[in-house]
Number of protein chains: 2
Amino acid sequence: MRTPLSDIEIQRELSALDGWSRKGNSLIRTFEFPSFASGIAFVDRVARVADNMDHHPDIDIRYTKISFHLSTHSAGGITPLDLKLAAAIDAAAADAT
Amino acid sequence: MRTPLSDIEIQRELSALDGWSRKGNSLIRTFEFPSFASGIAFVDRVARVADNMDHHPDIDIRYTKISFHLSTHSAGGITPLDLKLAAAIDAAAADAT
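Residues numbered from 1 in each chain as written. Chains lettered and ligands numbered in written order. Predicted model: local features only at pLDDT ≥ 70, side-chain atom pairs only at ≥ 80, totals over all residues. Heavy atoms only, no water.

The subject of this paragraph is the interface of chain B and chain A. Every contact between the two is made by 16 residues of chain B and, on the other side, 16 residues of chain A. Both faces considered, chain B and chain A share a buried interface measuring about 1,400 Å² in area, 59% of it formed by carbon and sulfur atoms. Our count for the contact surface shared by chain B and chain A stands at 4 salt bridges. When the shortest N-O distance is used, the salt bridge between Asp60 of chain B and Arg62 of chain A registers 2.7 Å. The interface formed by chain B and chain A includes 6 residue pairs in polar contact (both at pLDDT 80 or more). Element by element, the count of residues in the side of chain B that touches chain A is highest for helix 2 (residues 36–53) of chain B, at 8 residues. Along the lines of polarity and charge, the residues of the side of chain B that touches chain A split into 10 nonpolar, 1 polar and 5 charged. Across 3 bridges, strand 3 (residues 58–62) of chain A lies against strand 3 (residues 58–62) of chain B in antiparallel orientation. Pairing of Ile59 of chain A across the sheet is with Ile61 of chain B, part of strand 3 of chain B. (Contact = heavy atoms within 4.5 Å. Buried area = accessible area lost by both parts, 1.4 Å probe. Salt bridge = Lys/Arg side-chain N within 4 Å of Asp/Glu carboxyl O. Polar contact = N/O pair within 3.5 Å; in protein donor to acceptor, adjacent residues only side chain to side chain. Helix = DSSP H or I, 4+ residues; strand = E, 2+ residues; numbered from the N terminus. Nonpolar A, V, L, I, M, F, W, Y, C, P; charged D, E, K, R; others polar. Pairing = 2+ DSSP bridges.)

And the structure:
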């Protein structure tokens, strides 16, 4: 789960993930919420999922916009673990709506 | 509360705030926590305080390091409201330890 994927593998996997893009060694997605409190509640949900996976996204909170940056720093790239976390974040977002 | 402070006023007020520094039009402080979950719990506390003040910091979560950036965008500078929020974040941090 912690071996870097090739560019082609990342591109293929990204096509199955709605709303995610690649920037260098990170997968990035920004969500917007109707209120600051609902955005923070989403961060809480993602934090629990991430802690259970022992894989922690960088999170930027800009009022109602929440951005996640996923990368496997120890591997120096994007790994299957990042894709798994991206899918888990999407699932948490689907539950939130 | 939403009128920008002068450079001298900001410098004087900063001297009374431990751990905060100024970068351009923002006040910045980074806290480090023993675990990811305890950092997220702190974000929750600060979020409630910020929502009550209707003044919301930018928040960067980097594993156990949490950074807050305070600025009054509508005023184009640092205002008394930012200093009040900085003090409130410090009080939340004092409660957390």
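On to the relation of the copies chain B and chain A, then. Once chain B has been moved 0.0 Å along the axis and rotated by 180 degrees, it coincides with chain A to within an RMSD of 0.0 Å. Considering both components of the superposition, the chain copies are consistent with a two-fold axis. Measuring from the rotation axis to each C-alpha of chain B, the shortest distance belongs to Asp60 of chain B, at 2.3 Å. The fraction of interface residues of chain B whose copies in chain A are also interface residues reaches 100%, indicating that both copies meet through the same surface. (Least-squares fit on C-alpha atoms with pLDDT ≥ 70 in both.)

Residue and element names in this part refer to chain B. With 17 residues, helix 3 (residues 80–96) extends 24 Å from end C-alpha to end C-alpha; this agrees with the ideal 24 Å at 1.5 Å per step. Buried residues of helix 3: Leu81, Asp82, Leu83, Leu85, Ala86, Ala88, Ile89, Asp90, Ala92 and Ala93, and no others. Tucked inside the fold, the buried residues of helix 3 contact helix 1 (7–14), strand 2 (26–32), helix 2 and strand 4 (65–70). (Expected span 1.5 Å × (residues − 1). Buried < 20%, exposed > 50% of the residue type's maximum accessible area, 1.4 Å probe, protein only.)

Let's shift gears to the nonpolar core. Among the nonpolar cores identified, the biggest contains 60 residues, and Ile61 and Phe68 of chain A together with Ile61 and Phe68 of chain B are the most heavily contacted of them. Not counting residues within four places of it along the chain, the set of residues in contact with Phe68 of chain B comprises Trp20, Leu27, Ile28, Arg29, Phe31, Phe42, Val46, Pro57, Asp58, Ile59 and Ile89 of chain B. (Core = buried A, V, L, I, M, F, W, Y, C linked by side-chain atoms within 4.5 Å.)

With that settled, consider the confidence of the model for chain A. Any region with low pLDDT has predicted coordinates that should not be read closely. Put simply, chain A has an average pLDDT of 95, and 99% of its residues get 70 or more. Two summary scores accompany this predicted model of the complex, namely pTM at 0.96 and ipTM at 0.96. (pLDDT = per-residue confidence, 0-100.)

The next subject is the packing of aromatic side chains. All names here are of chain B. For the structure on display, the rule yields 12 aromatic pairs over all chains. Centroid distance Phe33 to Phe42: 5.0 Å. Interplanar angle 40 degrees. Geometry classified as tilted. We note that Phe33, like Phe42, is buried. (Phe/Tyr/Trp six-rings, centres within 6.5 Å; stacked < 30°, edge-to-face > 60°.)

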